[in-house]
Amino acid sequence: MKIQKLVLCAMLIAMCVIGANIKLMGSVAFDAAPAFIGTLLLGPMYGAVLGIFGHLTSALLAGFPLTLPIHLIVAGMMGVTMIVYGFTRQKLADKNQLIAVSVSSMVAFIFNCPLSLLALYPLMNQAVFVLFPVLAIGSICNIFVAEVVYQVLPERWKRRIAGY
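My aim in this report is to walk through the structure given alongside it, one point at a time. (Residues numbered from 1 in each chain as written. Predicted model: local features only at pLDDT ≥ 70, side-chain atom pairs only at ≥ 80, totals over all residues. Heavy atoms only, no water.)

So, about the nonpolar core. Counting 21 residues, the largest nonpolar core has Leu8, Leu12, Phe36, Leu41, Leu42, Leu50 and Met82 as its most contacted members. Breaking this core down by element, the ones donating at least two residues are α1 (2-20), α2 (32-42), α4 (68-91) and α7 (128-152). No other element matches the seven residues that α2 contributes to this core. Look past the residues within four positions of Leu8 in its chain and what remains in contact with it is Leu41, Leu42 and Ile161. Core analysis: the next-biggest nonpolar cluster, separate from the first, contains 11 residues, Val28, Leu120, Leu131 and Ala136 among them. (Core = buried A, V, L, I, M, F, W, Y, C linked by side-chain atoms within 4.5 Å. Buried < 20%, exposed > 50% of the residue type's maximum accessible area, 1.4 Å probe, protein only. Helix = DSSP H or I, 4+ residues; strand = E, 2+ residues; numbered from the N terminus. Contact = heavy atoms within 4.5 Å.)

This paragraph deals with the state of the cysteines. Cysteine pairs can be covalently joined through their sulfur atoms, and such a bond is termed a disulfide. By the definition in use, this model includes zero disulfides. Cys141 takes part in no disulfide bond, and the closest cysteine sulfur, belonging to Cys113, lies 12 Å away. What makes Cys141 partly exposed here is its relative accessible area of 27%. (Disulfide = S-S within 2.5 Å.)

A few words now on the packing of aromatic side chains. Applying the stated criterion across every chain, the model contains two aromatic pairs. Ring centres of Phe36 and Tyr85 lie 5.0 Å apart, and the angle between their planes is 85°; this geometry places the pair in the edge-to-face category. Placement of the pair is Phe36 in helix α2 and Tyr85 in helix α4, with a sequence separation of 49 residues. Assigned by exposure class, Phe36 and Tyr85 land together as buried. (Phe/Tyr/Trp six-rings, centres within 6.5 Å; stacked < 30°, edge-to-face > 60°.)

With that out of the way, let us pick up the packing of α1 against α2. Direction vectors running N to C along α1 and α2 enclose 165°, while the axes themselves pass 9 Å from each other. One finds that α1 runs roughly antiparallel with respect to α2. Both α1 and α2 take part in a crossing whose hand is right-handed. Contacts from Lys5, Leu8, Cys9, Leu12, Met15 and Cys16 of α1 reach α2 at Pro34, Ala35, Ile37, Gly38, Leu41 and Leu42. Classifying every residue of the contact of α1 with α2 by side-chain character gives 10 nonpolar, one polar and one charged. (Axes fitted to C-alpha atoms, helices over the stretch in contact; angles between N-to-C directions. Parallel < 35°, antiparallel > 145°, perpendicular 65-115°, else oblique. Left-handed = near helix turned anticlockwise from the far one by under 90°. Nonpolar A, V, L, I, M, F, W, Y, C, P; charged D, E, K, R; others polar.)

Time to look at a nonpolar patch on the surface. On the surface, a nonpolar cluster with roughly 590 Å² of combined accessible area is contributed by Met106, Ile110, Leu115, Leu118, Tyr121 and Phe129. By residue number, the principal contributor to the nonpolar patch is helix α6 (residues 114-124), which donates three residues. Within the fold, Phe129 resides in helix α7. Exposure remark for Phe129: the relative accessible area of 56% places this residue in the exposed category. (Patch = residues over 30% accessible without salt bridge, like charges linked within 9 Å, V, L, I, M, F, W, Y side chains within 5 Å. Areas by Shrake-Rupley, 256 points an atom, 1.4 Å probe, with all protein chains shown as cover. Salt bridge = Lys/Arg side-chain N within 4 Å of Asp/Glu carboxyl O.)

Shown next, in the form of structure tokens:
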């Protein structure tokens, strides 16, 4: 089962690279959708690795437009976002499906957008306000794509990957 998870993780890394090439602005891209899917299928720690890798790939392809230290902070926040998103989803898994999806998606948005920008505020000051609209749209789109893909996956695949 571990090999199956590693292969899926490798495929999701490849999808992060593909998504990193679909830019909205600068390094804001569709690199996070595979990380969100990986969080749901493989768990929060795999998702954190995917989120960090995805953002750093996107930033690298954009030429680190806001400097490397900024993107390292953003990558760290992506990892934290995936961990919190995954744990929230796991805690609400036995509740109503709509509540689990809604709450975990809102938590993911809050960590991925406003809290990430708050973490950047000491380095960027008011410039973070310029990034908010594009980052908000990118976050919502990445979360939406991940949730739709996850919902259409057959339950037997989800159970088999999760190992139960």
